[in-house]
Amino acid sequence: MRSSAQNGDVKIELGRRYRFAASHRLHSAELSEEENCRIYGKCNHPYGHGHNYVLEVMVSGKVDPATGMIANLEELDGFVESEVLEPFDHKSLNSDVEAFRATVPTTENLCIEIFRRLKPFPKAKLERVRVQETSNNGFEYAGENPDGFEG
Amino acid sequence: MVLLTRKIEFAASHLYHNPDFSPEENRRVFGKCNNPHGHGHNYTLEVTVAGEPDPVTGMVLDLKDLKEILEREVMQRMDHRFLNYEVPELAGQIPTCENIARVIWQLLDPKIKQGKLHRVRLYETPDLFADCYRNGAGGAKLS
């Protein structure tokens, strides 16, 4: 196959979408009952509630001339499955995910936790994750110092 | 700077096969995408051009011009075609989403004279897509 050591003058990212359903409750132990109620509103209801989350994972890397791929989808899917989908899908984020025992499982924090879990993917560079909580709110995280971030 | 995006759809067939691999390797690496007679997708292409709106027309570039460029460079070349055999720019490459996006970038970049090509996003399915940027432009920019 045609060989090209690099991607040339372009940067290519691969995006893949996944879905999981989970419940959560937004409640901070550092706030009073009234403050929790005021800040989180119905998301503070005591028994929690759920969402169908959509996770978008972006990775970059050299396109392997032999396969035409940045990363084999089966390997990416398998990694996301074991690191995120299996531990999160049909679970209570507050009770079943260690990271959210002491951290409020807002979708901002969920993005950061998912990024942390996926960062070690060995076959490509994780660029960012985007988590859609509902069709009206989505959050992105690209690490502490993302390339090109003009913060 | 303003980013302007235009979307088009095309349908095409392809297969993944590397002649340097054994039949077993091809099946292992490419799975059902190695089916010898190919298969097809409805591709969605989003082309984003960056620029300043012209003070007279209010446009980054004339959408008619962009539409014509996409028609000529992408639709006529790829729509209802077998990508492996009918698109010379992809000859010798596996027509993955990554490689098709790069070829589309290379076709469009020199043709866009007003504004600058910023991103090519190609969806193979709603859950799988590739983004192509100018190297160094930083795809990770948060917006």
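This one's a predicted model, so the numbers in the text were calculated from it and none came from an experiment. (Residues numbered from 1 in each chain as written. Chains lettered and ligands numbered in written order. Predicted model: local features only at pLDDT ≥ 70, side-chain atom pairs only at ≥ 80, totals over all residues.)

Undergrad: Tell me about the overall build of chain A, and name the residues and values.
TA: Counting secondary structure elements, chain A contains four helices and five strands. The N-to-C order of helical and strand elements in chain A reads β-α-β-α-β-α-α-β-β. Seen through its principal axes, chain A has C-alpha atoms that stretch 65 × 35 × 25 Å. Per-residue burial over chain A gives 28% buried out of 151 residues. (Helix = DSSP H or I, 4+ residues; strand = E, 2+ residues; numbered from the N terminus. Buried ≥ 20, exposed ≤ 12 C-beta atoms within 10 Å, placed from the backbone.)

Undergrad: So what's going on with the interface of chain B and chain A? Residues and values would help.
TA: In this complex, chain B contributes 28 residues to the contact, which on the side of chain A involves 28 residues. Of all the elements in the fold, those that place two or more residues in the side of chain B that touches chain A are α4 (97-108) and β5 (128-134) of chain B. Per-element tally for the side of chain B that touches chain A: the top contributor is β5(B), with seven residues. As paired strands, strand β1 (residues 10-24) of chain A and β5(B) are joined by seven bridges and run antiparallel to one another. In the sheet register, Arg16(A) faces β5(B), and the bridge partner there is Leu128(B). (Contact = placed C-beta atoms within 7 Å. Pairing = 2+ DSSP bridges.)

Undergrad: Please set out the pairing of β5(B) residue by residue, giving values where relevant.
TA: When a strand is regular, its side chains alternate between the sheet's two faces. All names here are of chain B. Most of β5 sits out of view: five of its seven residues are buried. One ladder, built from six bridges, connects strand β4 (residues 116-125) with β5; its direction is antiparallel. Bridge assignment links Leu 122 to a residue of β5, and that residue is Ala 130. Between the antiparallel neighbours β4 and β5 lie two residues.

Undergrad: Could you give me a rundown of the packing of helix α2 (residues 63-78) of chain B against α4(B), with the residues and numbers involved?
TA: Residue and element names in this part refer to chain B. For the pair α2 and α4, the least separation of the axes is 10 Å and the interaxial angle reads 130°. With respect to α4, the element α2 is oriented oblique. The way α2 lies across α4 gives a crossing that is right-handed. Within the contact between the two elements, α2 uses Ile 69, Glu 73 and Val 74 and α4 uses Ile 104, Leu 107 and Leu 108. (Axes fitted to C-alpha atoms, helices over the stretch in contact; angles between N-to-C directions. Parallel < 35°, antiparallel > 145°, perpendicular 65-115°, else oblique. Left-handed = near helix turned anticlockwise from the far one by under 90°.)

Undergrad: Run through the confidence of the model for chain B, naming residues and quoting values.
TA: Residue and element names in this part refer to chain B. Per-residue confidence for chain B averages 93 on the pLDDT scale, and 95% of its residues sit at or above 70. α4 holds the highest mean pLDDT among the elements of chain B, 98, whereas strand β3 (residues 81-82) holds the lowest, 94. Residue range residues 139-143 is modelled with pLDDT below 50. Its contacts to residues more than four positions away, or to other chains, number 20 contacts. Across the predicted assembly, pTM comes out at 0.84 and ipTM at 0.78. (pLDDT = per-residue confidence, 0-100.)

Undergrad: Please provide a residue-by-residue account of the environment of Arg25(A), values included.
TA: Tracing the backbone shows Arg25(A) in the loop between β1 and α1 (33-40). Sequence-wise, Arg25(A) and Thr67(A) are 42 residues apart; in three dimensions their C-alpha atoms are separated by 44 Å.

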